[in-house]
Amino acid sequence: FGSSGDSAERAAMPAPPAASLSREVLKWIQGLDLSYSVRNPKRDLSNGFLIAEIFSRYFPEVSMHSYENGTRLEIKNRNWEQLFKFFVKRGLPFRKVDFDGVIHLEDGAAVGFVSKLYTFLTKRPAVVSVKMTGLPYDPAELGEAPQIETMPNAPPPKTPEVQQSPDDDFDPYKMLQSRRANAGRGQQTTVSQSMEVTPLEIAEVRVKPLQKNVAHLRAQRDFQQQSAEVRSRAATSASARGKSQAGAESIAPSTPGGFSGVVKPVGDILKSLIAPVLGENQEVMAVLRGDDPDRDLLGAFLENTRNQVVPEAVASQVLETIAGRAGLLVNTCIQSPTEFWKCWTSFMPLVADCQEQSPVFESTCFFLRRLGERMRESASAHAQQLFLDVALPSLALILQESAGKREPLCDIVYAFTMDYTAQHLHVLRTVKEHIPKLPAYICCLSYLASLEGPSNLGDDNMLDLYLYYALIALSHTQPKVRVAGLAILQQCAALSPDAVTRGAGSSTMGRVVPPHQTVAQLAPVICSFKNDPWWEMNAHVLLLVSTLVRQLAEWRRWEDVMTEASEMDDEGGTAEHSTTLSVAQSVGEGSAAEGKPRAATSAMEDTFLNTIADVFKPSANQHVKQVGLVCVAPILSHHPGLIGPYLNVLLSQPSHLRMRLLQPMEQKPDGEEAAPNRIVYVFGSSSRHYEERCICDLWPAVEVARVFVGSLQALAPSRFEAEHVETLSALIRSPTANVSQHQDVWIDVFDKVKAYVFVAFVDSQLHTAAADLVQSFLLSPVPEVAAHCLGASQKTLVQTLRLFYSNADRQMVTEADLVSFLKQLRGANENAREALDAAIGQFRTAHAAEYERSMLRSI
């Protein structure tokens, strides 16, 4: 890649010194929220992927779909070639000679290019940090004689004589010692030849590979600095407890509760838990014990796990075992703040050092969360105060610096917190005191808001706090902070009418404004984010707008309930009806306080629907489409006009992504549905988790099936593709299909798609899915539907068999698979046997030659 002229020009350039990115450039790169952090510019920037992502933040026409993140030279050349075309098109001052060295991993090339890029995009000069090696600067090395001004007629300066043996080599260390010895003295002394200089012994430097980013290192350093302070605080709490027990009631302990008796040390409890698990792996036990059989097993395990010596699978198993027996630690931790501090600080290095994707990090967070839950169940006030005094200072450092770890760590915060609104507010304010950086605090609030129950988030004071910081976030310059603001608004808007009316029933205020209405007033700001080039902004706009549309429909339904309650009250309803009416009226007065009629709500709803149409389309990012397919599905029943675009997006998704949403949720052993899958689509410090659930439980299957068939008739495709078969199978199997109540609809669907289905049935690639679809119709549990489909499919089946046994240029399923399915279908019930025998008989009569050489006679 690159012309010969560029290579010659690059060869003529002097080799740059070893350089690194300056602090200003690093801060600029971190503020761009790139998919990957830049740890080694020479390696990380060579393929041009991150360079393209930087340009995409400033130029929306740079689409990341065109770039691939890889290390092969072919990928590098292809990425940089696209970037160079963009440079030429835009007239940007970047030539091939500027980045050719970046491709070939030349020293200083990546730093130089990024510095030039920083200066061009920010209009600020970039200072390159250069690492100089060797002796201090000597002008003689560059061929320049030092110029010394002398007075006229002044004698030449005397040069100090240094006696040196001809056999001795020049020693810079001796020269330096001589200059230091003569500094500040009037007369130069001669260095004796016999002078002995103690040799300087320098230990060999051992370089440990860096596996953490800057944020992890900073958090680890701050955690170590505060350890002594936290330990002192814990000791003070314990001392105060002892004095309180002795009768010094005037001295209040910093952690409530009293110390009762002697407790078993946390270390002894943990050793008894981990010893049996580690004993099953003799290899790991040998590493932990080393040469000392009496070595502390717990300390050795934690240290070697932190240094990645213990295999992740073994470490996770040990940590999960501890989490399962966390109740054994509760009594000790509650009664002794010092023991709780020992327990907390033993595991915090794993939280600080392990990567967020590591199973060890997940298992450690799981243990700390379980410990908090058990302590809160035992003594909620003590557990919360212990956490705020002892644990929060060190945890807040990681919350502030490590964006990827915030969500599981916020779970730990609320695991120790009492489940009361006032206590949640107290904890939120205390967290704010320990996290001075506002962007980091807002990001933490976006995770904590999802953990608030309806009763807490419905409180006026709590709601005001979240809305206040969400408004600040929307105007922030960092995209990830704006995403956090949208996430907070979504949680506030998602409050159901029941939750708000419960709050109104206990409130002293005369009226209540529904939270979704307060959020909806920000429609111009929210909808303006639909043009943001970052996919995650578009995804959260979809989540928020679809939530608002759903809530507008829910609140219209609630207004109808209020009207019915009012009519019942006029007719002399019960006391329960009167209470419902008074609460509903307070909500109704609040919603009408702004004087906006339903027409204004409809206009606002149209604005949101237009935003969905602009963001949720087949050409959008596949992650945005995946998020939209889940969040738009529940509002299809309220707005059937969205069904057509929804199907277009669903059919445009790759098969593996589409099937993740069409497959039913797994059932737990107790019969309950498993929790929705929470997925990170892009690994990085800024990406959030998104829920994926089966859309078959969310959409109106009957209405979607009607639109699906109508679109097929309009397009008139020659055959079914995989996406058509998968979607239709999911529709008829949906819980909302209600085949018994909508027999006519599903019979009409079968009549219009049966030709496509049976052709797909003999296609080798679609046979399995199409066979399931055929069974869904022909063996329907609704007798009327099954009987009609069996009768209507005989002629189509004969045509399909003729197509299969003809010489058509298609890749067909094997005859053995075809006959096996027909046998299975024939043996299902009497009606299926009669219909299948009739179809095969017609085929034998019309196509005797094909029948004679087929395996159909075995049926």
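Undergrad: Which parts of the structure should I look at to understand the overall build of the chain?
TA: The number of helices and strands found in the chain is 41 helices and 4 strands. Expressed as a percentage of its 859 residues, the buried residues of the chain come to 45%. Across the chain, the fraction of contacts at a sequence separation of at least 24, relative to all contacts at a separation of at least 6, is 71%. For the chain, the accessible area works out to roughly 43,700 Å², and carbon and sulfur atoms hold 51% of it.

Undergrad: Even after reading the chapter, I still don't get the packing of helix α18 (residues 406-415) against helix α20 (residues 438-449), so can you show me in this structure?
TA: Helix packing for two helices is described by the angle between their axes and how far apart those axes are. For the pair α18 and α20, the least separation of the axes is 9 Å and the interaxial angle reads 70 degrees. In this view, α18 runs roughly perpendicular relative to α20, as classed from their interaxial angle. Crossing handedness for the pair α18 and α20: right-handed. Residues Arg-406, Glu-407, Cys-410 and Tyr-414 of α18 pack against Ala-440, Cys-443, Cys-444, Tyr-447 and Leu-448 of α20.

Undergrad: Quick question: what am I supposed to make of the pairing of strand β4 (residues 689-692) here?
TA: Looking down a regular strand, the side chains alternate between one sheet face and the other. Because side chains alternate across β4, one face comprises the buried residues Tyr-690 and Glu-692, and the other comprises His-689 and Glu-691, none of which is buried. Relative to β4, strand β3 (residues 677-680) is paired through 4 bridges, and the arrangement is antiparallel. Each bridged residue has a counterpart across the sheet, and for Asn-677 the counterpart in β4 is Glu-692.

Undergrad: Would you explain the nonpolar core in this entry?
TA: Where a protein is soluble and globular, its nonpolar side chains tend to be buried together. Tyr-466 and Trp-699 are the most contacted members of the largest nonpolar core, which totals 203 residues. Dropping the residues within four chain positions of it, Tyr-466 is found in contact with Tyr-414, Leu-428, Leu-445, Leu-448, Ala-449, Glu-452, Leu-457, Ile-488 and Cys-492.

Undergrad: What is the right way to read the layout of surface pockets from this model?
TA: Looking at the second largest pocket, its volume works out to about 1,000 Å³. Considered class by class, the residues forming the lining of the second largest pocket number 18 nonpolar, 12 polar and 7 charged.

Undergrad: Where do I start with the packing of aromatic side chains in this structure?
TA: Geometrically, a pair of aromatic rings is defined through the distance of the ring centres and the angle of the planes. In the structure shown here, the tally under the stated rule is 33 aromatic pairs. Their ring planes at 50 degrees and their centres at 4.8 Å tell us that Phe-347 and Phe-367 sit as a pair that is tilted. Taken as a pair, Phe-347 in helix α15 (residues 337-353) and Phe-367 in helix α16 (residues 359-378) lie far apart in primary sequence, 20 residues in all. Through a chain of ring-to-ring contacts, three or more aromatic side chains come together here, namely Phe-55, Phe-59, Trp-80, Phe-84, Phe-86, Phe-87, Phe-94, Phe-99, Phe-113 and Phe-120. Taking the ring centre of Phe-120 as reference, the NZ or CZ of Lys-123 above it sits at 4.9 Å. Across from the ring centre of Tyr-441, 5.7 Å away, lies the NZ or CZ of Lys-432, which sits over that ring.

Undergrad: Just checking my understanding: could you explain the side chain of Ser-793 for this structure?
TA: Positionally, Ser-793 belongs in the loop between α37 (783-792) and α38 (794-805). We classify Ser-793 as buried; its relative accessible area is 5%. Within polar-contact distance, the side chain of Ser-793 engages the backbone oxygen of Leu-790 at 3.1 Å. Every residue in contact with Ser-793, bar those within four places of it in the chain, is listed here: Phe-750, Phe-758 and Leu-778.

Undergrad: So what exactly am I meant to see when it comes to the packing of helix α12 (residues 297-306) against α15 here?
TA: Contact geometry for α12 and α15: axes closest at 10 Å, N-to-C directions at 5 degrees. As the angle between them shows, α12 and α15 are arranged roughly parallel. Facing α12, whose interface residues are Leu-302, Thr-305 and Arg-306, α15 presents Ser-346, Phe-347, Pro-349, Leu-350 and Asp-353.

Undergrad: What am I meant to see in the confidence of the model for the chain here?
TA: Fine structural detail should not be taken from predicted coordinates in areas where pLDDT scores are low. Within the chain, residue pLDDT values average 76, and 72% of them lie at 70 or more. Within the chain, helix α1 (residues 4-12) has the poorest average pLDDT of any element, 42, and α16 the best, 94. Contacts of residues 130-212 to residues separated by more than four positions or lying in other chains number 35 contacts, the stretch itself having pLDDT below 50. Across residues 230-260, confidence stays below pLDDT 50; counting only partners more than four residues off in sequence or on other chains, it has 48 contacts.

Undergrad: Please clarify how unusual backbone geometry should be interpreted in this entry.
TA: Most peptide bonds take the trans form, and the phi angle of most residues other than glycine is negative. Residues other than glycine seldom take positive phi values, yet Gln-308 does so here, at roughly 65 degrees. Residue placement: Gln-308 occurs in the loop between α12 and α13 (312-324). At Ala-716, a residue that is not glycine, the phi angle is positive and equals roughly 50 degrees. With respect to the helices and strands, Ala-716 occurs in the loop between α33 (701-715) and α34 (722-732).

Undergrad: For this particular structure, what's the right way to read helix α4 (residues 49-58)?
TA: Residues lying three or four places apart along an α-helix face the same way, a consequence of the helix completing one turn every 3.6 residues. Here α4 lies mainly inside the structure; 8 of its 10 residues are buried. Of the residues making up α4, those classed as buried are Phe-49, Leu-50, Ile-51, Ala-52, Glu-53, Ile-54, Phe-55 and Ser-56. Taken together, the buried residues of α4 touch α2 (23-30), α3 (41-44), α5 (73-90) and α7 (109-122).

Undergrad: What's the story with the pattern of salt bridges in this structure? I'm lost.
TA: Applying the stated rule across the entire model yields 25 salt bridges. For the salt bridge of Arg-90 with Glu-61, the shortest nitrogen-to-oxygen distance reads 2.7 Å. Here Arg-90 is found in helix α5, whereas its partner Glu-61 is found in the loop between α4 and α5, with 29 residues between them in sequence. In this structure Glu-61 comes out as partly exposed when scored by relative accessible area, which is 40%. Put simply, Glu-74 and Arg-78 hold a salt bridge, and the shortest N to O gap is 3.5 Å. Here the residue Glu-74 and the residue Arg-78 both occupy positions in helix α5, the gap between them amounting to 4 residues, near one helical turn. On the basis of relative accessibility, which here comes to 34%, the residue Arg-78 falls in the partly exposed class.

Undergrad: Please clarify how the environment of Asp-98 should be interpreted in this entry.
TA: Tracing the chain through its elements places Asp-98 in helix α6 (residues 96-103). Along the sequence, Asp-98 and Gly-112 sit 14 residues apart, while their C-alpha atoms lie 8.3 Å from each other. Contact partners of Asp-98, with chain neighbours within four places excluded, come to Pro-93, Phe-113 and Lys-116. A polar contact is formed between the side chain of Asp-98 and the backbone nitrogen of Arg-95, at a distance of 2.8 Å.

Undergrad: Where do I start with α20 in this structure?
TA: Helix length check: α20, at 12 residues, gives a terminal C-alpha distance of 16 Å against a target of 16 Å (1.5 Å per residue), a fit within 8%. What α20 keeps buried is the set Ala-440, Tyr-441, Ile-442, Cys-443, Cys-444, Leu-445, Ser-446, Tyr-447, Leu-448 and Ala-449.

What counts, and at which threshold
Residues numbered from 1 in each chain as written. Predicted model: local features only at pLDDT ≥ 70, side-chain atom pairs only at ≥ 80, totals over all residues. Heavy atoms only, no water. Helix = DSSP H or I, 4+ residues; strand = E, 2+ residues; numbered from the N terminus. Buried < 20%, exposed > 50% of the residue type's maximum accessible area, 1.4 Å probe, protein only. Contact = heavy atoms within 4.5 Å. Areas by Shrake-Rupley, 256 points an atom, 1.4 Å probe, with all protein chains shown as cover. Axes fitted to C-alpha atoms, helices over the stretch in contact; angles between N-to-C directions. Parallel < 35°, antiparallel > 145°, perpendicular 65-115°, else oblique. Left-handed = near helix turned anticlockwise from the far one by under 90°. Pairing = 2+ DSSP bridges. Core = buried A, V, L, I, M, F, W, Y, C linked by side-chain atoms within 4.5 Å. 1 Å grid on protein atoms, 1.4 Å probe; cavity = no way out; pocket = protein on both sides within 12 Å on 5 of 7 lines; lining within 4 Å. Points joined across faces, edges and corners; volume = space filled by probe spheres on them. Nonpolar A, V, L, I, M, F, W, Y, C, P; charged D, E, K, R; others polar. Phe/Tyr/Trp six-rings, centres within 6.5 Å; stacked < 30°, edge-to-face > 60°. Lys NZ or Arg CZ within 6 Å of the ring centre and 35° of its normal. Polar contact = N/O pair within 3.5 Å; in protein donor to acceptor, adjacent residues only side chain to side chain. pLDDT = per-residue confidence, 0-100. Salt bridge = Lys/Arg side-chain N within 4 Å of Asp/Glu carboxyl O. Expected span 1.5 Å × (residues − 1).

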